[in-house]
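# Residue-level structural notes
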Amino acid sequence: MKGLKGKTALVTGAASGIGQAIAIRLAEEGCNVAINYRSSPEGAQVTEAQAMQQACGQAEACGVRSLLVRGDVSKEADICQMVATTIEKLGNLDILVNNAGIQTETPSHEVTAEDFDRIMGVNLRGAFLCARESINHWLTQGQTGVIINISSVHEIIPRPLYVTYAISKGGMENMTKTLALEYAAQGIRVNAIAPGATVTPINKAWIEDLEKQAAVESHIPMGRVGTSAEMAAAVAFLASDEAAYITGQTLFIDGGLTLYADFREAWSA
Ligand code: NAD
């Protein structure tokens, strides 16, 4: 895709799932990739190996460089360090992908203040602080930049038992729009993707159980769950110059999940 070759991208939570697929796809498109992981590097090493393997097969990706960056996005100091290390070791930062995310299943009336803060700290505060650090770099350097937030269909669909997750993704929608508006004139684009049900470790409750997966798929108009590679393709597009005039948008990638499937057949006059 146009405009990705030679750019540098930082992907948070890139040791598994959607973040891993994004790092691999961006490397395939010729981006240098900083692969963030929270604690142990094994998953990130797999990401790096696959990213380099993919990149080697593509002429446009020759010379792609990668970097593993440890950092907990719920800690401000880690974020500052992670962004600074990326710039120092890979020479610049052009694309930030706010992907790291967590969830827990708890009835809303039992959610503790600590659990609330923990999930917000990763999903929303962490994403904001990564954006702030990246924007500061772009403004200081007088350069343009791109942020892609990995939101969820639950930025608009209520999610009982996952209230903090739903609040965090709802907040992400307005963060995407607010930052896009505030920095549009400086050439900084901010967009989001909102995945539907996708096969990744976060969904271990149903990915290893065909019956449960079929139950999930029964709610999806296209009749199947999504893949990380499908999410990564949309991120590559939004990060590229093909999307140069797109900002402040959330692209839903959900097999039609947000199309009100119950209205497939008329049930009211
Ligand atoms: P995942 O569990 O494989 O990925 C989440 C990643 O975030 C993991 O690698 C984890 O180590 C990392 N992470 C967690 N806390 C972190 C922290 N404090 N600092 C740094 N990294 C941290 O699951 P996934 O499905 O790939 O999730 C990626 C994103 O996609 C999340 O934001 C999630 O909310 C979103 N999403 C996923 C789905 C889905 O169905 N899989 C649907 C909608 C949205």
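Coordinates for the structure precede this section.
So, here's what we can say about the structure. (Residues numbered from 1 in each chain as written. Predicted model: local features only at pLDDT ≥ 70, side-chain atom pairs only at ≥ 80, totals over all residues. Heavy atoms only, no water.)

### Points about the sheet that holds strand 2 (residues 32-37)
- Overall, parallel pairing links the seven strands, which are arranged 3-2-1-4-5-6-7 in an open sheet. A strand with exactly one partner marks an edge of an open sheet, and here the two such strands are strand 3 (66-70) and strand 7 (250-253). Strand-to-strand twist of the sheet, defined as the mean angle between neighbouring strand axes without regard to direction, takes the value 20°.
- Taken together, the six bridges between strand 5 (residues 145-150) and strand 6 (residues 188-195) define a ladder with parallel strand orientation. Within strand 6, the position partnered with Ile148 by the bridge is Asn191.
- The sheet strands contacting helix 1 (residues 17-28) are strand 1 (8-11), strand 2, strand 4 (95-98), strand 5 and strand 6, and the helix crosses strand 1 at an angle near 170°.
- Across the sheet, helix 5 (residues 163-183) is in contact with strand 4, strand 5 and strand 6; its angle to strand 6 comes to roughly 160°. (Pairing = 2+ DSSP bridges. Helix = DSSP H or I, 4+ residues; strand = E, 2+ residues; numbered from the N terminus. Axes fitted to C-alpha atoms, helices over the stretch in contact; angles between N-to-C directions. Contact = heavy atoms within 4.5 Å.)

### Notes on the environment of Thr8
- Within the secondary structure, Thr8 is located in strand 1.
- Given the relative accessible area of 2%, Thr8 is considered buried.
- Separated by 22 residues in the primary sequence, Thr8 and Gly30 have C-alpha atoms spaced 9.0 Å apart.
- Sequence-distant contacts of Thr8, that is, excluding residues within four places in its chain, are made with Asn32, Thr86, Leu90, Asn92, Leu93, Asp94 and Ile95. (Buried < 20%, exposed > 50% of the residue type's maximum accessible area, 1.4 Å probe, protein only.)

### Brief notes about the pattern of salt bridges
- One pass over the structure, following the stated rule, counts seven salt bridges.
- With its nearest N and O atoms 2.9 Å apart, the salt bridge here joins Arg25 to Glu29.
- Look at Arg25 and you get partly exposed, because its relative accessible area is 22%.
- What makes Glu29 buried here is its relative accessible area of 9%. (Salt bridge = Lys/Arg side-chain N within 4 Å of Asp/Glu carboxyl O.)

### A word on the site of the ligand
- In the neighbourhood of the ligand, 27 residues make up the surrounding shell, with Ser16, Asp72, Tyr165, Thr200 and Asn203 lying closest.
- The contact in question runs from a nitrogen atom of the ligand to an N or O atom on the side chain of Arg38, over 3.4 Å.
- In this structure, Asn99 approaches the ligand through a main-chain N or O atom, which is 2.8 Å from an oxygen atom.
- Starting from 810 Å² of accessible surface for the ligand in isolation, the protein chains cover 92%.
- For the shell around the ligand, the secondary-structure elements that each account for two or more residues are helix 1 and helix 5.
- Residues that form the shell around the ligand fall into these classes: 11 nonpolar, 13 polar and three charged. (Near = heavy atom within 4 Å. Polar contact = N/O pair within 3.5 Å; in protein donor to acceptor, adjacent residues only side chain to side chain. Areas by Shrake-Rupley, 256 points an atom, 1.4 Å probe, with all protein chains shown as cover. Nonpolar A, V, L, I, M, F, W, Y, C, P; charged D, E, K, R; others polar.)

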